[in-house]
Amino acid sequence: MAAFQNKKVLVTGAGTGIGFGLCRKFAEAGALVALNDVNPGLAAEAALAINNEIGTVRVHACPFDVADVPGLRAAVKTFTGSFGGLDVAVANAGITNYGDFLTYTPEDFDRLTAVNLKGSYFTAQSAALAMISVNQPGRIIFLSSVTGVQAHRNLSAYGVTKAGIRMMARALALELGPRAITVNAVAAGATITERTLQDDPDYERNWNGVAPNRRTATVDDIAAAVLFLASPEARHITGETLIVDGGWTIYSPLPANHPQVPD
Ligand SMILES: NC(=O)c1ccc[n+]([C@@H]2O[C@H](COP(=O)([O-])OP(=O)(O)OC[C@H]3O[C@@H](n4cnc5c(N)ncnc54)[C@H](O)[C@@H]3O)[C@@H](O)[C@H]2O)c1
């Protein structure tokens, strides 16, 4: 039997990129998937593409903006009602906006935190209520980032949201442990997606030299970590953030021409 046969899974921000790859992997493993995106057309296209690929209907488009809490709650209630529960929720939706700290605007900050922090928090809350209402054990997984581990220029606000998500996993793991719900995060490093390739067509080549393993993450690398944390085998892991970055964050730059330690 497939690893996630008939498990009910919600993935937010899944019209493209990492979220889309997650929906595909869960559907291939037998899950019934609610594929969310803020863009309804994109959600419908993405669900159709995966269903066509796997040759059966397992993925259902579920459009809403994760920053709109009443809309999010209503949508989660509707599809968990029709699926008959929820086993796994991946709060993947997140926006990355770059900006110099000295000119960064409150409007950008508000939208960023509304999607990345409020959206993740209330996705987890709605998912937990759905799991608890049918007395099911569950898995909640957040998408954090290496930018929540190390500081980067022009990414201060984004990095703060991603560091907040690491703490969110710990705090909610404590709250939900007695309910048999684990809460973890995956901190992705530089990952090849439609968006990152659009920002930099040479993205893979440029990042290949940076991590100790000399490669750039694919969506499948991130999905492997998420599916592990969602699996029954990960039942005793909670409150953790699994960094998936080829080792990029394990080291710090040295001065050039260090006498004993080559770069
Ligand atoms: N790609 C990377 O290199 C990378 C690295 C570290 C962390 N991450 C994190 O992984 C997650 C996915 O990243 P990605 O690069 O695949 O994303 P992306 O920018 O490609 O966006 C994926 C989808 O999210 C949707 N979306 C945006 N705002 C939304 C909202 N408010 N509600 C619902 N859907 C919304 C978009 O329409 C898009 O289809 C994000 O949380 C991101 O911060 C990505």
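Residues numbered from 1 in each chain as written. Predicted model: local features only at pLDDT ≥ 70, side-chain atom pairs only at ≥ 80, totals over all residues.

## Considerations on the site of the ligand
Neighbouring the ligand are 30 residues, the closest being Gly13, Gly15, Gly17, Gly94 and Ala188. Taken together, the elements giving at least two residues each to the shell around the ligand come down to helix 1 (17-28), helix 4 (106-133), strand 5 (138-145) and helix 6 (194-199). Top contributing element to the shell around the ligand by residue count: helix 1, with three residues. Of the residues in the shell around the ligand, the class split is eleven nonpolar, 16 polar and three charged. (Near = placed C-beta within 6 Å. Helix = DSSP H or I, 4+ residues; strand = E, 2+ residues; numbered from the N terminus. Nonpolar A, V, L, I, M, F, W, Y, C, P; charged D, E, K, R; others polar.)

## Some thoughts on the nonpolar core
Counting residues in hydrophobic clusters, the biggest one holds 73 residues, and the most contacted among them are Cys23, Val33, Leu35, Ala127 and Val226. Setting aside anything within four residues of it in sequence, one finds Ala127 in contact with Leu10, Val76, Leu86, Ala89, Gly138 and Ile140. (Core = buried A, V, L, I, M, F, W, Y, C linked by C-beta atoms within 7 Å. Buried ≥ 20, exposed ≤ 12 C-beta atoms within 10 Å, placed from the backbone. Contact = placed C-beta atoms within 7 Å.)

## Quick word on helix 5 (residues 156-176)
An α-helix turns once per 3.6 residues; consequently, residues spaced three or four apart project the same way. Relative to the 30 Å expected for 21 residues at 1.5 Å per residue, helix 5 spans 30 Å between its end C-alpha atoms, a close match to the ideal helical length. Every buried residue of helix 5 is listed here: Tyr158, Thr161, Lys162, Ile165, Arg166, Met168, Ala169, Leu172 and Leu176. Buried residues along helix 5 sit against helix 4, strand 5, strand 6 (181-188) and strand 7 (241-244). (Expected span 1.5 Å × (residues − 1).)

## Quick look at the sheet that holds strand 3 (residues 59-61)
One key point about sheets: their strands pair by backbone hydrogen bonds, in either a parallel or an antiparallel sense. Taking strand neighbours across the sheet as the criterion, the seven strands line up as 3-2-1-4-5-6-7 in an open arrangement whose pairing is parallel. Either end of the sheet is taken by a strand with one partner, and the two such strands are strand 3 and strand 7. Within the sheet, the average angular offset between the axes of one strand and its neighbour, ignoring direction, is 20 degrees. Bridge analysis of strand 1 (residues 8-11) against strand 4 (residues 88-91) gives three bridges, and the strand direction is parallel. (Pairing = 2+ DSSP bridges. Axes fitted to C-alpha atoms, helices over the stretch in contact; angles between N-to-C directions.)

## Notes on the environment of Phe20
By the element assignment, Phe20 lies in helix 1. With 27 C-beta atoms packed within 10 Å, Phe20 lands in the buried category. Considering only alpha carbons, one finds Phe20 and Glu175, 155 residues apart in sequence, at a separation of 29 Å. Beyond its immediate stretch of four places on either side in the chain, Phe20 contacts Ala14, Gly15 and Ala46.

## Details of unusual backbone geometry
The phi dihedral of Ala180 is positive, around 65 degrees, even though this residue is not glycine. The residue Ala180 is located in the loop between helix 5 and strand 6 in this model. Its identity is not glycine, yet Asn257 carries a phi of approximately 60 degrees, on the positive side. Tracing the backbone shows Asn257 in the segment after strand 7.

## A look at the packing of helix 4 against helix 5
Orientation of helix 4 relative to helix 5, taken along the N-to-C sense of each, is 15 degrees, at an axis distance of 10 Å. Considering the angle they form, helix 4 stands roughly parallel to helix 5. Crossing angle aside, the handedness with which helix 4 passes helix 5 is right-handed. Between helix 4 and helix 5, the residues in contact are Phe109, Leu112, Thr113, Asn116, Leu117, Ser120, Tyr121, Ala124 and Ala128 and Ala157, Tyr158, Thr161, Gly164, Ile165, Met168, Leu172 and Leu176, respectively. Classifying every residue of the contact of helix 4 with helix 5 by side-chain character gives twelve nonpolar, five polar and no charged. (Parallel < 35°, antiparallel > 145°, perpendicular 65-115°, else oblique. Left-handed = near helix turned anticlockwise from the far one by under 90°.)

## Side note on the pairing of strand 6
The buried count for strand 6 comes to eight of eight residues, which makes it a mostly enclosed element. Residues of strand 6 alternate between two faces, with Ile181, Val183, Ala185 and Ala187 on one and Thr182, Asn184, Val186 and Ala188 on the opposite face, all of them buried. Running through helix 5, the crossover from strand 5 to the neighbouring parallel element strand 6 is right-handed. Bridging between strand 6 and strand 7 involves four bridges; their strand directions are parallel. Paired with Ala185 across the strands is Thr241, a residue of strand 7. (Right-handed = clockwise from strand over helix to strand, strands pointing away.)

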